[in-house]
Each structure stands twice: as C-alpha cells, then as structure tokens.
Amino acid sequence: MWYNNILETIGNTPLVKLNKITKDLKGTILAKIETTNPGNSIKDRMALKMIEDAEQAGLLKPGGTIIEGTSGNTGMGLAMAAVVKGYKCIFTTTDKQSKEKVDALRAFGAEVIVCPTNVDPEDPRSYYSVSSRLEREVPNSWKANQYDNPSNAQAHYEQTGPEIWEQTEGKITHLVVGVGTGGTISGAGRYLKEQNPNIKIWGIDTYGSVFKKYKETGIFDKNEIYPYITEGIGEDFLPENVDFSVIDLFEKVTDKDAALMTRELARKEGIFAGNSAGSALAGLIQLKDSLKEDDLVVVIFHDHGSRYMGKMYNEDWLRERGFLEDEKLNAKSILKRRGEQAIVTADVQQTVFEAFNFMKTLNISQIPVTQQGMVVGKITESDILIALLENPALKSSSVQDVMTKPFPFVDLKTSIDKISALINKDTQAVLVEDEFGKINIITQYDIINAISEA
Ligand SMILES: Cc1ncc(COP(=O)(O)O)c(C=O)c1O
C-alpha cells in the first residue's frame, strides 16, 4: 500500500494519553498529536482544504501564485501543497516568528517577506497589509486568507472533529484548543457540539490578545493588545473563523507558563511539541477545578518542537526572558558559593624565579599576569617548567618571556556548562569581572566544589 503523493498522508493523527504532567488532574487527558502531519502541524489540513476549495471555485488557476500572511505552519502546509500541485508561493510573516519556521518555508521554494510585529494590522507595513497589496499586484494570484476563509474551519469540521469523535468513541467531554485564526476550535468544536451539545469547548488565549475579553463582554478592547511571545495563538483583531458561539470560555496563559510547559511535555511525556501545545496544557491545568473524575479531555497539540529550537528549547533564550526557574549554576553563583577570595597575580616585570616562588608559597599552579592592572597573560607551573628545561637562564628573565595568552573572560551569567567547556589542559581557569569591576578567577577546583555543594 502506498500514497500517491505526500498530501494524502495528511490527517488521522494519533490521540495519546498524558500520564505524568496531568497526574493531579481529574479525568483522562488525551493529546491530539498533530505533529505527525507531513508538514508537522495541524495546519496541513486547512491549507490543503483552502487550496482545493479555491481551485473548485476557480479562484486559484493553474500556474497561479498563492499569497498568505502566515506565522509559518499554514505557510508550510500551503507550500507543500503548492509544490505537489505546481503553484508558486509568496508569504508575509512577522519578525516575531522563529527563524526556523521562515527557513522551512524557503526550503519548499517559497518566497518569504518578514514584516514588523509591533504595528497595527491596518499599518501598510503589517504582514496583513503587505499580503493584501501583493494580492492586488501579483498577476494570477490568490490570497488564502486563513483568518476569514471559511474553508479553514471547514477542514476541521470535516476532519479533526470527526477523528476526535471516533477516536474517543463519542466519550469526549472537553476539547481544549489554542486559538489563533479560530479554524481549529470553531470547526472541530462545531462538529463535536453537533454530536453532543454537552461537550465543553475551551479556548486558550494569550495575555496581549483580545479574545477572552471579547467573549466575556462583547467589547473589542484595544487596551488588551500588547506584544507577547507565545506563537500561533491570540490575536489583535477578530478573525471571522473564530466562532464565539461554539466556544464556552477562554483562558489566558502567560508566555512564561506556556514556554515552561512546552518543555515539560518533552521531559515528562516524551512529546516534542510546539509552544501552543504547552500553552493549551497550561491553560487546562489552570482550569483543573472544573474537571470531574469521568471527564475525557482532548487537548490539541498543533505543531512540532523542532520549530522552537532557538526559543523555549534554548536555555539562553529562556534566561534572557527570566523564564528559567531551575537556574543552573553560573559564574555568579559559583563565586557566591566560594566566597570572597582575592585574586593573586604576577606582574610582567617580576622575574620568573620570583613568580615561581610566589606560586609555590601560595600553593597555586597558575596565575594571571598583569601590566598596570590589566590582564595581559598567564603563567602556569608547566609553562615555567618547559621554559626552564629549554633554557635554565630564563630563571632571571621577566615573566613576560614565559607567559602565555590570558585566561578567557566570561560574564557573570555564563553557565557552568559553558565554563566547563572552556576549561581544558591548556586553560585551567576563566576570569570574570564582578558587579564591582573586580576581576575574579574560577578554576576547575571551584567548579568541582560548586557542583558537589549543589
Ligand atoms: C502553532 C500553532 N498553534 C495554534 C494555532 C491556532 O490554530 P487556529 O489558527 O486553527 O486557531 C496556530 C495557528 O496559526 C499555530 O500555528
């Protein structure tokens, strides 16, 4: 048995029980793992459906160009289908999106125009406006418009909803979905509610987005809008694909909670999913008091973790945003654990003999060499030994003649992993300037001590 092309492999994604992360929750929590679609996201479904409907309606003609404003996943689905069906693609996206997502679109031969995030949708520079302008200017082009194109929600009404209904044998009680264009929640939610109106449809929103307040008050509040980090969900306008009548409630999740929960999924469940999966699960956990023992909850995991390698799966990225709770040891904490210790240095003008005796008295095997307070090199026992073996007369020459290049400098935030990687048989220590401008040395010995005390 084989498929005629890659597009035939879209859909029929697995439903997988979560075990560890959800152990304190009542009910059974299942994840609909959309990463097994060929473009690694749920968006393959609606991308193909939008193209097929446009072909049927005569809007997309042979050799045409598909234009879309996309955060990546829809673009991936469109680009993949365009390759198989022989269309060109031009995408506009925002500078907030992962570089990996943009590169992935280019891998399919698509043209990608990156636009600024922090401008109004009506601004001519916004990715919505740029894609609309392209649609007017590029001949034989069709704009997919995933926000308002009903084929988007329809794809989930025809596929995602029925799959979930069948996979749970009609026992599903709650559907939890991160909401962006609204296609997934509205289409799958509408299908499921038609089967059983008691099924609860919970939308996950971000801080900085308008959905929750609009659902609760009917007010489109511009004050709710501000930049946020979470990708794929939340909006600063109301897409036509969000059917508020299908959604029972919205829950907002912070960028930090979404990012950390995304990581937890890989570590605790072995599921390598994207940012909105973490957000949806974090939202469900916030709502746990509303669950009962016999509930059967399905959470949508929209896309794959590989698209977030430079983001929540990167410790430096997390640290820069203050998201790391279990902060590993770094230069600052190593110094703190060791306590105050004056750095011992040799001056370039000292003789090799003086410096060696000095090191021997203090029982240290390497010291930085300074010139007028600046670190200019280092001497180590072995450097001195090798130099003296070659030329015993060097004993009375100056340190300058035997010193080697200085120990590398790191900053206070440098992690213990990075410091350890810098230390080797030629570089036995690193230097770090503290908050007061004082230079400290961190040796292998300090690192071992810090780890054994941790
Ligand atoms: C990663 C990710 N999660 C969630 C969503 C939201 O899905 P929908 O647009 O169907 O509401 C998207 C859509 O862009 C997405 O790319």
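Residues numbered from 1 in each chain as written. Predicted model: local features only at pLDDT ≥ 70, side-chain atom pairs only at ≥ 80, totals over all residues. Heavy atoms only, no water.

Which residues make up the overall build of the protein, and what values go with them?
Looking only at helices and strands, the protein has 15 helices and 16 strands in total. For a compact globule of 454 residues, the expected C-alpha radius of gyration is about 22 Å, and the protein comes in at 29 Å, more than 25% above that figure. For the protein, the residues scored as buried account for 52% of the 454 residues in total. The long-range share in the protein, meaning contacts at least 24 apart out of those at least 6 apart in sequence, stands at 68%. (Helix = DSSP H or I, 4+ residues; strand = E, 2+ residues; numbered from the N terminus. Rg over C-alpha atoms; globule rule 2.2 N^0.38 Å. Buried < 20%, exposed > 50% of the residue type's maximum accessible area, 1.4 Å probe, protein only. Contact = heavy atoms within 4.5 Å.)

I'd like to hear about the pattern of salt bridges, residue by residue, with values.
One pass over the full model with this rule turns up 24 salt bridges. Here aspartate 316 and arginine 319 are joined by a salt bridge, their closest N and O atoms 3.0 Å apart. Within this pair, aspartate 316 and its partner arginine 319 are both found in helix α10 (residues 315–320), separated by 3 residues, close to a single helical turn. A salt bridge links aspartate 316 to lysine 418; its shortest N-O distance comes to 3.0 Å. Of this pair, aspartate 316 sits in helix α10 while lysine 418 is found in helix α14 (residues 416–422), placing the two residues 102 residues apart along the sequence. Ionic contacts of the salt-bridge type, sharing partners, join the residues Arg263, Glu315, Asp316, Arg319 and Lys418 into one network. (Salt bridge = Lys/Arg side-chain N within 4 Å of Asp/Glu carboxyl O.)

I'd love a proper account of a nonpolar patch on the surface, names of residues and values included.
Taken together, the side chains of Ile6, Val83, Val84 and Phe108 present a nonpolar region at the surface, about 310 Å² in accessible area. With respect to the secondary-structure elements, valine 83 resides in helix α2 (residues 73–85). In this structure valine 83 comes out as exposed when scored by relative accessible area, which is 51%. (Patch = residues over 30% accessible without salt bridge, like charges linked within 9 Å, V, L, I, M, F, W, Y side chains within 5 Å. Areas by Shrake-Rupley, 256 points an atom, 1.4 Å probe, with all protein chains shown as cover.)

Let's hear about the sheet that holds strand β12 (residues 366–371): which residues, and what values?
In space, the 3 strands of this open sheet follow the order β11-β12-β13, with mixed pairing throughout. For this open sheet the edge positions go to β11 (346–347) and β13 (374–380), each flanked by a neighbour on one side alone. Where β12 and β13 come together, 6 bridges link them in antiparallel fashion. The residue bridging isoleucine 367 from the neighbouring strand is isoleucine 379, located in β13. (Pairing = 2+ DSSP bridges.)

I'd like a rundown of the side chain of threonine 206, residues and numbers included.
With respect to the element layout, threonine 206 can be found in strand β8 (residues 200–206). Aside from chain neighbours lying at most four places away, what touches threonine 206 is Tyr228, Thr230, Ile233, Gly234, Lys252 and Val253.

Give a detailed account of unusual backbone geometry, specifying residues and quantitative values.
Phi angles above zero are rare outside glycine, and asparagine 12 is one such case at about 50°. In this structure asparagine 12 comes out as exposed when scored by relative accessible area, which is 66%. At glutamine 372, a position not held by glycine, the phi torsion is positive, near 50°.

For the site of the ligand, give the residues involved together with the corresponding values.
Taken together, 16 residues sit near the ligand, with Lys43, Gly180, Thr181, Thr184 and Ser276 positioned nearest. Here glycine 180 contributes a backbone N or O atom positioned 2.7 Å from an oxygen atom of the ligand. For the ligand, an oxygen atom lies 2.6 Å from a polar atom in the side chain of threonine 181. Within the complex, 98% of the 380 Å² of free accessible area of the ligand lies under protein. (Near = heavy atom within 4 Å. Polar contact = N/O pair within 3.5 Å; in protein donor to acceptor, adjacent residues only side chain to side chain.)

Account for the nonpolar core, naming residues and giving values.
The nonpolar side chains of a soluble globular protein tend to be buried, and buried together. Ile51, Leu60, Ile66, Leu78, Phe91 and Trp142 are the most contacted members of the largest nonpolar core, which has 27 residues in total. Looking at this core, the elements with two or more residues in it are α1 (43–56), α2, β4 (88–94) and α3 (99–107). What leucine 78 contacts, discounting residues up to four positions off in sequence, is Ala47, Met50, Ile51, Ile66, Glu68, Cys89, Phe91 and Ala144. Ile29, Val176, Met261 and Val299 belong to the second largest nonpolar core, which has 26 residues in total. (Core = buried A, V, L, I, M, F, W, Y, C linked by side-chain atoms within 4.5 Å.)

Which residues make up the sheet that holds strand β3 (residues 65–69), and what values do they have?
Strands in a sheet are paired, the pairing made by backbone hydrogen bonds, and the direction either parallel or antiparallel. Taken in spatial order, the 4 strands line up as β5-β4-β3-β6 in an open sheet, and their pairing is parallel. Since the sheet does not close on itself, it has two edges, and those belong to β5 (111–115) and β6 (141–143), each with one partner. Going from strand to strand, the sheet's axes swing by 20° on average, the running direction of each strand aside. Note: β4 against β5, 5 bridges, orientation parallel. (Axes fitted to C-alpha atoms, helices over the stretch in contact; angles between N-to-C directions.)

How would you summarise the environment of asparagine 275 if you had to cite specific residues and measurements?
Tracing the sequence through the fold places asparagine 275 in helix α9 (residues 275–286). Between the C-alpha atom of asparagine 275 and that of threonine 93, which follows or precedes it by 182 residues, the distance is 17 Å. Apart from residues lying up to four places away in sequence, asparagine 275 is in contact with Ile229, Thr230, Glu231, Ala258, Ala259, Thr262, Asp303, Tyr308 and Met312.

Explain the packing of aromatic side chains residue by residue, including any values.
Describing an aromatic ring pair means giving the distance of the ring centres and the angle of the ring planes. Scanning the entire structure with this criterion turns up 8 aromatic pairs. Between phenylalanine 211 and phenylalanine 250, the aromatic rings sit 5.7 Å apart at their centres with planes inclined by 25°, giving stacked as the arrangement. With phenylalanine 211 in helix α7 (residues 211–217) and phenylalanine 250 in strand β9 (residues 249–253), this pair connects stretches of sequence that are 39 residues apart. Phenylalanine 250 matches phenylalanine 211 in its accessibility class, with the two residues each being buried. Measuring from ring centre to ring centre gives 6.0 Å for tryptophan 317 and phenylalanine 323, while their planes differ by 75°; the resulting arrangement is edge-to-face. Taken individually, tryptophan 317 and phenylalanine 323 each receive the classification buried, so the pair is uniform in this respect. Directly above the aromatic system of tyrosine 157 lies the positively charged group of arginine 190, at a separation of 4.0 Å from the ring centroid. (Phe/Tyr/Trp six-rings, centres within 6.5 Å; stacked < 30°, edge-to-face > 60°. Lys NZ or Arg CZ within 6 Å of the ring centre and 35° of its normal.)

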